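Listed below, chain by chain, are the residues.
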Amino acid sequence: MKIKVFIKNTAMFVFTSLLLRTAGIIFRVYLAGKIGSEGMGLYQLIISVYVFGAAFATSGISTAVTRLISENENGGLLAAKKILSRAIMLTVSIGLASSVSIFLGARFVACYILRDTRTTLSLKILSFSFVPMGLSSVARGYFIAKRKALEPSLTQIAEQVIRITSIVILFSRFSKLGTEYCTAAVLLGDTIAETASFLILWALLLKHRKSLERGNSIKGTAKEIIRIALPITASSYISTALHSTENLLVPLRLALFYGVKDRALSLFGAIRGMALPVLFFPASFLTSLSTLLIPEMSSAAARGDKREIKRAVGGAFRITLVLSIFAASVFLFLSEEIGLLVYGDKEVGFIIKMLAPIVPFMYLESVAAGMLKGLDAQVSQLKLGLIDSILRIALILITLSRHGITAYLLIMIISNCSTSALSSRNLLKKAELRLDVSGWVIKPTLCGIGASFLAKILTKSISHLMIKAVAFLLISAAVFLILSCITKIIRREEFERIFYKIKPTTKEKAKPLKLHSRVPHRQGRL
């Protein structure tokens, strides 16, 4: 990919991500005001089932489509049609199985798993979104492989507009009927938005396919899709199942500690529905970079170009750590103000402060997971995800009923730090690269803490929350930028490691990259 195309696509994804995250946070504030923290906790319970069903519906087929089309760039229309037709067949089959299972089992899940009958209606509604969701992921995989950022970006914006508009309209009709119908309205809005997104994406995809040359067909497509998707899918299924179990256990164990179920749901909603969206907000650039690097890493791996992989990994690590460490320092020093400004809740600010130190680990794990998918390292994801989730569940069962929310926050910190370290180790090993502790960790940490500490002192006397937060961000960003230039923690060549393709030498061509590794990893999450 040419640098101009990569930068253009990255900028498009970053803009879209920032816009969607901003709209998402504003909308969550709106939701929290409508249904309260207890309602947000109930919504998060339903989302745990939603995520589990979505994992079945989307599985790893989207990544398989991206990789196969990237590796067969010269195949033309016939190759693309073959890959897409097989992907559609698998996606529809899995999506229908998910939909039928959730719809028919809604009452059982609500009564015996979620233990709240108010979730039955919402579960039945969300079951209709899995097939369009899966097909949308296939279309996005195609556009990412073709280095087309505009189509999926515009579709995501349209989807969010439709989602918010639908939910606001539905709220006006059902808000007086209680929490059960409010959460059902949210899920109905999500289903409408997913269906609209699918229709728009596939209309754009059919239009784009007409511009492809006929080319040559390829063999063994279904087998290759399954080979790539199966480990990702298995890992996603197991991880999501255990993660959903964790989400169901947390309110129950917290209820034992606090003695009141409503209080437990409120705390759970404050963490999952309020604090985490804020913590992930600055990750827009990094998640976009991770997504766009998948086809690039796949293409380089197919050529056995170790030099390009090494450059891309080194640049991605440096940029990720520098930006995430700065974000963590801002969250650490401005947590109380953010909690009050966004949600009007000091408790959310406390949660943000507690989780701020692990922001670099969360971001780095997400980027590492994306790059590892491009290097065909998805098999190792299963083991780490399984071990991590089992340990988390065990710790939740042992500690939450005795120590409450503090224990859960500590579990999240330990889990994310350990899994991020293992994922990063795996990626560095594959790229034959060493971690630059001084340039990538120590210097950015000192610069971030120094900039935020100075901003905290200079804005201490400001009483207005909005003015104080804006002043803090401007001062800390300016000081951090100056310190970064002085310490040279980001250099021009680091961006070139990502944005420029280096032609492989004859020696590198003669030694193709080994794509399989036994070091485990998993996709970043809290």
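(A) The overall build of the protein, seen in detail. In terms of helices and strands, the protein carries 20 helices and zero strands. Accessible area of the protein: about 22600 Å², with a carbon and sulfur share of 66%.

(B) Structural context of the packing of aromatic side chains. Inspection of every chain in the model, using the stated rule, returns eight aromatic pairs. Here the aromatic rings of phenylalanine 257 and tyrosine 258 are separated by 4.7 Å at their centres, their planes lie at 90°, and the arrangement is edge-to-face. A cation sits over an aromatic face here: lysine 124 above phenylalanine 103, 5.7 Å from the ring centre.

(C) Structural context of the environment of isoleucine 125. Tracing the backbone through its elements, the reader meets isoleucine 125 in helix α5 (residues 120–126). Looking at isoleucine 125, the relative accessible area reads 17%, which means it is buried. Through-space distance from the C-alpha of isoleucine 125 to that of alanine 184 is 7.3 Å; in sequence the pair is 59 residues apart. Residues in contact with isoleucine 125, not counting those within four places in the same chain, are Ala184, Leu187, Leu188 and Thr191.

(D) A look at the confidence of the model for the protein. Summary statistics for the protein give a mean pLDDT of 77 and a share of 78% for residues scoring 70 or more. The spread of mean pLDDT over the elements of the protein runs between helix α20 (residues 506–510), the lowest at 40, and helix α17 (residues 437–458), the highest at 91. In this model residues 497–525 is a low-confidence stretch, pLDDT under 50, and it forms 102 contacts with partners more than four residues away in sequence or in other chains.

(E) A look at helix α6 (residues 130–145). Compared with the 22 Å implied by 1.5 Å per residue over 16 residues, the 23 Å span of α6 between its first and last C-alpha is a close match. With 16 of 16 residues buried, α6 is to be regarded as a mostly interior element. Looking one or two residues beyond α6, the residue adopting positive phi is arginine 147, at roughly 60°.

(F) How the structure looks around unusual backbone geometry. Even without a glycine there, the phi angle at glutamate 432 is positive, about 55°. Topologically, glutamate 432 is positioned in the loop between α16 (405–431) and α17.

(G) Highlighting the environment of serine 452. Positionally, serine 452 belongs in helix α17. Among the residues examined, serine 452 registers a relative accessible area of 0% and is labelled buried. Placed 21 residues apart in sequence, serine 452 and leucine 473 show a C-alpha to C-alpha distance of 8.4 Å. Discounting chain neighbours no more than four positions away, the residues touching serine 452 are Ser329, Val330, Phe333, Phe472 and Ser476. A polar atom in the side chain of serine 452 sits 3.0 Å from the side chain of serine 329.

(H) Summary view of the packing of α17 against helix α18 (residues 465–487). Interhelical geometry of α17 versus α18 gives an angle of 145° and a closest axis separation of 8 Å. In this structure, the crossing between α17 and α18 has a hand that is right-handed. Between α17, through Lys443, Pro444, Cys447, Gly448, Ala451, Ser452, Leu454, Ala455, Lys456 and Leu458, and α18, the contact on the second element is made entirely by Phe472, Ile475, Ser476, Val479, Phe480, Leu483 and Thr487. Counted by class, the contact of α17 with α18 contains eleven nonpolar, four polar and two charged residues.

(I) Layout of the side chain of arginine 253. Topologically, arginine 253 is positioned in helix α9 (residues 221–258). Side-chain polar atoms of arginine 253 contact the backbone oxygen of leucine 397, separated by 2.8 Å. The contacts of arginine 253, once residues within four sequence positions are left out, are Ile396, Leu397, Leu400 and Ser401.

(J) Inspection of the nonpolar core at higher detail. Counting residues in hydrophobic clusters, the biggest one holds 87 residues, and the most contacted among them are Leu123, Phe331 and Leu355. The element best represented in this core is helix α1 (residues 3–58), accounting for 14 residues. Discounting chain neighbours no more than four positions away, the residues touching phenylalanine 331 are Val278, Leu279, Pro282, Ile338, Ile352, Ala356, Val359 and Tyr363. Counting 21 residues, the second largest nonpolar core, distinct from the first, contains Leu68, Ile69, Leu135 and Phe143.

(K) Representation of the state of the cysteines within the structure. If you walk through the whole model with that rule in mind, you get zero disulfides. The thiol of cysteine 447 is not disulfide-bonded; the next cysteine sulfur, from cysteine 485, is found 9.9 Å away. Under the relative-accessibility criterion, cysteine 447 is labelled buried at 4%.

(L) Looking closely at the pattern of salt bridges. Following the criterion strictly, the structure yields eight salt bridges and no others. Linking glutamate 159 and arginine 163 is a salt bridge whose minimum nitrogen-to-oxygen distance equals 2.9 Å. With glutamate 159 and arginine 163 both in helix α7 (residues 150–174), this residue pair falls four residues apart, about one helical turn. With a relative accessible area of 14%, arginine 163 lands in the buried category. For the salt bridge of lysine 346 with glutamate 336, the shortest nitrogen-to-oxygen distance reads 3.9 Å. Note that lysine 346 is positioned in helix α13 (residues 346–355) and glutamate 336 in helix α12 (residues 306–343), a separation of ten residues in sequence. According to the relative accessible area criterion, lysine 346 is exposed, its value standing at 55%.

(M) Up close: a nonpolar patch on the surface. A cluster of nonpolar side chains, Val100, Phe103, Leu104 and Phe128, forms an exposed patch at the surface whose accessible area comes to about 430 Å². Topologically, phenylalanine 103 is positioned in helix α3 (residues 76–104). The exposure class of phenylalanine 103 is partly exposed, given its relative accessible area of 34%.

(N) Up close: the packing of helix α2 (residues 61–71) against α6. One way to put it is that α2 packs onto α6 with a least axis distance of 8 Å and a crossing angle of 30°. The angle between the axes of α2 and α6 places the two elements in the roughly parallel class. Crossing of α2 against α6: the hand is right-handed. Contacts from Ile61, Ser62, Val65, Thr66, Ile69 and Ser70 of α2 reach α6 at Ser137, Val138, Gly141, Tyr142, Ile144 and Ala145. Here the contact of α2 with α6 is built from residues that sort into seven nonpolar, five polar and no charged.

(O) Representation of α13 in the model. Taken together, the buried positions of α13 are Val348, Gly349, Ile351, Ile352 and Leu355. Angularly, the buried residues of α13 cover 160° about the axis, an arc narrow enough to put them on a single face.

Definitions and cut-offs
Residues numbered from 1 in each chain as written. Predicted model: local features only at pLDDT ≥ 70, side-chain atom pairs only at ≥ 80, totals over all residues. Heavy atoms only, no water. Helix = DSSP H or I, 4+ residues; strand = E, 2+ residues; numbered from the N terminus. Areas by Shrake-Rupley, 256 points an atom, 1.4 Å probe, with all protein chains shown as cover. Phe/Tyr/Trp six-rings, centres within 6.5 Å; stacked < 30°, edge-to-face > 60°. Lys NZ or Arg CZ within 6 Å of the ring centre and 35° of its normal. Buried < 20%, exposed > 50% of the residue type's maximum accessible area, 1.4 Å probe, protein only. Contact = heavy atoms within 4.5 Å. pLDDT = per-residue confidence, 0-100. Expected span 1.5 Å × (residues − 1). Polar contact = N/O pair within 3.5 Å; in protein donor to acceptor, adjacent residues only side chain to side chain. Axes fitted to C-alpha atoms, helices over the stretch in contact; angles between N-to-C directions. Left-handed = near helix turned anticlockwise from the far one by under 90°. Nonpolar A, V, L, I, M, F, W, Y, C, P; charged D, E, K, R; others polar. Core = buried A, V, L, I, M, F, W, Y, C linked by side-chain atoms within 4.5 Å. Disulfide = S-S within 2.5 Å. Salt bridge = Lys/Arg side-chain N within 4 Å of Asp/Glu carboxyl O. Patch = residues over 30% accessible without salt bridge, like charges linked within 9 Å, V, L, I, M, F, W, Y side chains within 5 Å. Parallel < 35°, antiparallel > 145°, perpendicular 65-115°, else oblique. Arc of directions from axis to C-beta.

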